[in-house]
Amino acid sequence: MSRTTVDVDPGNQPPPEDDTAFFGQPKGLLTLSGLEVWERFSFLGMQAILVLYFADSVAHGGMGMAAGTAASVSAAYGTLVYLVSVAGGWLADRMLGSYRAVLWGGILIACGHYSMAVPTATMTWVGLGLISAGTGLLKPNVATMVGKLYRTDDERRDAGFALYYMAINIGAFAGPLITGWLGDHKGWHWGFSAAAIGMTFGLVQYVAGRRHLAGRRHAAEFALAPEAMGRAVRLIVVGVVVAGVIATALALAGWLTMDRFVDLLTLVSVIAPVVYFAVMFRSPRVTAEERGRLKPYVVLFLASTVFNFILFQAYSTMMLLASTNAETTILGFDFPASWYASALGAFEVGLAPFVAALWVRMGRRQPHASNKIAIGVVLGGLSFLLMVLPTSGHSSDDYLMSAWWIVGSYLLLGLGDILLETSGMSATTKLAPAAFSSQTMSLWFLSLALANGIQAQTVKLYDDVSHPAYFGVNGAIAVAAGLAVMAAAPWLRRTMHPVH
């Protein structure tokens, strides 16, 4: 039996015949992958047009922001999404349980997209807030539920996460195609409407397939005592209300501007992982063996931050570059600039099965997880270094590069993403201390928050420096970081047991 045996409640486990029912993988992987198809369809479909919506003129239905500001605000939204994932992991572990956390997260995401379908600036911000809260509940806990389908030493684990990640990128491919076309031809809010419908489909299939999931009990695995539970609920409600009142007062007083809010999120994204690592290292519920495995995890965390700093710009600076300086015609076919985002998903959909099959074929001879992650970081850096070539040597900013330059960059980025994210998420579920299972996955998502927080500041330079300098410096830093992880491989292999 390949599932984790931590929970022995038979009613909380999928039927035994599910174990190899989905291409040799547990059938629950199909349910969770199906949910992620639609969640990524909605999230990345909206993300592909969000920066373009921010940068478009008010007369054309946009927000009228400068390009650098639009990219910075978009990155700040990403920062908020992944910061909230810490609360999502804690709520699943201590109050809701993974199944209900994912369900309520999906409901909030759907409500957020429906809000953004309303063509007013106020509803845009309301929608982004709801999506942030919902994604924080859903994302860390879906990945944790995938991990619960396998024993720690199950060699199918990395291949299962690769298939899961392929499903994610089916949504990443399809989302921008639909939302991008609607945004370009009908209006931005029509694109947001498509994202809302997609998330609704995801919720329906998740509930329908719940019997195939491990750990679907209603109670949390490490639930608080009743008295502590009541106290926690009261503190959460009061905290949310107080934070809302303070934010509203500061905004009305003119102190809490958009720029200051972005800066605040960046600051929090830096402090939060430092504090969270400190809490986990000092917790009496973490054994000495588990504490030893957290040390190499810090290196993986930093590698993820560097790579995702590059990856997330596929939906910000790269999207802005594509909309102004790249051809939107391939083989005589015209397409919206936002469709470039689908190229990233298409490459990951196409390459993920080959990567999964390769790891299965190689078995224990496959590269160590740390080397997979390092190669992913290097590929991410190379995707930016490639953009130095078509952006160099122009006397003005009104040039147009071939579409194939953007496509080639996304090919490198997509392959790097498969290597890093699947190995990173899989390693996280293996290295997680038992008492912090969902929260450790939240810590992985904090690396995404930190990447977005750094991006929110860096992209402000997009309008102020040349494109070759911008992409060249950022790409070189990423390549150097990947090489540093490779150099640390011997130490990582010794300290990351049972990760292979």
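Residues numbered from 1 in each chain as written. Predicted model: local features only at pLDDT ≥ 70, side-chain atom pairs only at ≥ 80, totals over all residues. Heavy atoms only, no water.

> How would you summarise the overall build of the protein chain if you had to cite specific residues and measurements?
In terms of helices and strands, the protein chain carries 17 helices and two strands. Looking at the protein chain residue by residue over its 500 residues, the buried ones come to 57%. Excluding contacts between residues fewer than 6 apart, the proportion of contacts in the protein chain whose partners are at least 24 apart in sequence is 83%. (Helix = DSSP H or I, 4+ residues; strand = E, 2+ residues; numbered from the N terminus. Buried < 20%, exposed > 50% of the residue type's maximum accessible area, 1.4 Å probe, protein only. Contact = heavy atoms within 4.5 Å.)

> Residue-level account of the nonpolar core, with values.
Core analysis: the largest hydrophobic core is formed by 93 residues, its most contacted members being M46, F54, Y340, I406 and Y410. Not counting chain neighbours up to four residues away, the residues in contact with M46 comprise F41, Y77, H113, M116, L128, I131, T179, F192 and A195. Core analysis: the second largest hydrophobic core is formed by 31 residues, V146, L149, Y206 and L419 among them. (Core = buried A, V, L, I, M, F, W, Y, C linked by side-chain atoms within 4.5 Å.)

> Tell me about the side chain of S42, and please be specific about residues and values.
Considering the arrangement of structural elements, one finds S42 in helix α1 (residues 28-55). For S42, a relative accessible area of 0% translates into the label buried. In this structure S42 touches I109, H113, A195 and M199, once residues within four positions along its chain are discounted.

> Describe in detail the pattern of salt bridges, supporting the description with residues and values.
Evaluation of the coordinates by the stated rule reveals three salt bridges. In this structure, E39 and R40 form a salt bridge, with 2.7 Å as the shortest nitrogen-oxygen distance. For the residue pair E39 and R40, the accessibility class agrees, reading buried in each case. (Salt bridge = Lys/Arg side-chain N within 4 Å of Asp/Glu carboxyl O.)

> Outline the confidence of the model for the protein chain, listing residues and values.
Atom-level detail of predicted coordinates should not be read off regions where pLDDT is low. Of all residues in the protein chain, 89% attain a pLDDT of 70 or more, and the chain-wide mean is 82. Averaged over each element, pLDDT in the protein chain is lowest for strand β1 (residues 329-330) (79) and highest for helix α16 (residues 467-487) (93). (pLDDT = per-residue confidence, 0-100.)

> Lay out the packing of aromatic side chains with the relevant residues and their values.
Going through the model one piece at a time under the given rule, you end up with 16 aromatic pairs. Summarising the aromatic geometry, the rings of Y82 and F312 are spaced 5.9 Å apart at their centres and angled 20° between planes, so their arrangement reads as stacked. Of this pair, Y82 sits in helix α2 (residues 67-96) while F312 sits in the loop between α9 (288-311) and α10 (317-325), and the two are 230 residues apart along the sequence. We note that Y82, like F312, is buried. The rings of Y53, F54, W125 and F192 are connected pair by pair, giving a single aromatic cluster. (Phe/Tyr/Trp six-rings, centres within 6.5 Å; stacked < 30°, edge-to-face > 60°.)

> Quick one: what's the story with the packing of α1 against α10, residue by residue and with numbers?
It is the contact of α1 with α10, at a shortest axis distance of 9 Å, that shows an interaxial angle of 65°. Crossing of α1 against α10: the hand is right-handed. Contact residues: A48, V51, L52 and A55 in α1; M319, L320 and S323 in α10. Broken down by class, the residue content of the contact of α1 with α10 amounts to six nonpolar, one polar and no charged. (Axes fitted to C-alpha atoms, helices over the stretch in contact; angles between N-to-C directions. Left-handed = near helix turned anticlockwise from the far one by under 90°. Nonpolar A, V, L, I, M, F, W, Y, C, P; charged D, E, K, R; others polar.)

> Requested: an account of helix α11 (residues 340-362), with residues and values cited.
End to end, α11 covers 33 Å across 23 residues, agreeing with the expected 33 Å (1.5 Å per residue, within 8%). Residue L351 marks the point of greatest curvature in α11, where the axis turns by about 30°; the proline P353 follows within four residues. Taken from the residues just after α11, G363 is the one with a positive phi, measuring 60°. (Expected span 1.5 Å × (residues − 1). Bend = angle between axes of the 7 residues up to and from the residue.)

> I'd like a description of a nonpolar patch on the surface, backed by residues and values.
A cluster of nonpolar side chains, W125, M258, F261, L264, L267, V268, V270, I271, V275 and V279, forms an exposed patch at the surface whose accessible area comes to about 810 Å². The element contributing the most residues to the nonpolar patch is helix α8 (residues 258-282), with nine residues. Relative to the helices and strands, I271 resides in helix α8. (Patch = residues over 30% accessible without salt bridge, like charges linked within 9 Å, V, L, I, M, F, W, Y side chains within 5 Å. Areas by Shrake-Rupley, 256 points an atom, 1.4 Å probe, with all protein chains shown as cover.)

> Please set out the packing of α2 against helix α4 (residues 121-147) residue by residue, giving values where relevant.
Interhelical geometry of α2 versus α4 gives an angle of 45° and a closest axis separation of 6 Å. With respect to α4, the axis of α2 lies oblique. Crossing hand, α2 versus α4: right-handed. Every residue of α4 that contacts α2 at V73, Y77, L80, V81, V84, S85, G88, G89, L91, A92 and L96 is listed here: W125, L128, I131, S132, A133, T135, G136, L137, P140 and N141. The residue makeup of the contact of α2 with α4, split by class, is 14 nonpolar, seven polar and no charged. (Parallel < 35°, antiparallel > 145°, perpendicular 65-115°, else oblique.)

> Talk me through α16; I want residue IDs and the actual numbers.
For α16, which comprises 21 residues, the first-to-last C-alpha distance of 31 Å matches the rise-based estimate of 30 Å (1.5 Å per residue) to within 8%. Buried residues of α16: H467, Y470, F471, G472, N474, G475, A478, V479, G482 and V485, and no others.

> Go over the environment of G134 with me, naming the residues and quoting the values.
Counting through the fold element by element, G134 comes out in helix α4. It is 4.9 Å that separates the C-alpha atoms of G134 and I109, two residues lying 25 residues apart in sequence. If near-sequence neighbours (up to four positions away) are discounted, G134 is found in contact with G105, L108 and I109.

> Describe the environment of S42, listing the residues and the values that go with them.
The spacing of S42 and T179 is 137 residues in sequence and 8.7 Å in space, taken between C-alpha atoms. Of note is the side chain of S42, whose polar atom sits 2.8 Å from the backbone oxygen of E39. (Polar contact = N/O pair within 3.5 Å; in protein donor to acceptor, adjacent residues only side chain to side chain.)

> An account of the side chain of E36 is requested, with residue identities and associated values reported.
Tracing the backbone through its elements, the reader meets E36 in helix α1. By relative accessible area, which is 0% here, E36 ends up buried. Beyond its immediate sequence surroundings of up to four residues, E36 is in contact with F41, L138, K139, V142, Y164 and I168.

> An account of the environment of G453 is needed here, citing residue identities and associated values.
By secondary structure assignment, the location of G453 is in helix α15 (residues 437-458). Residues G453 and A75, spaced 378 residues apart in sequence, show a C-alpha to C-alpha distance of 6.8 Å. G453 has contacts with T79, T266 and S269, leaving out every residue within four places of it along the chain.

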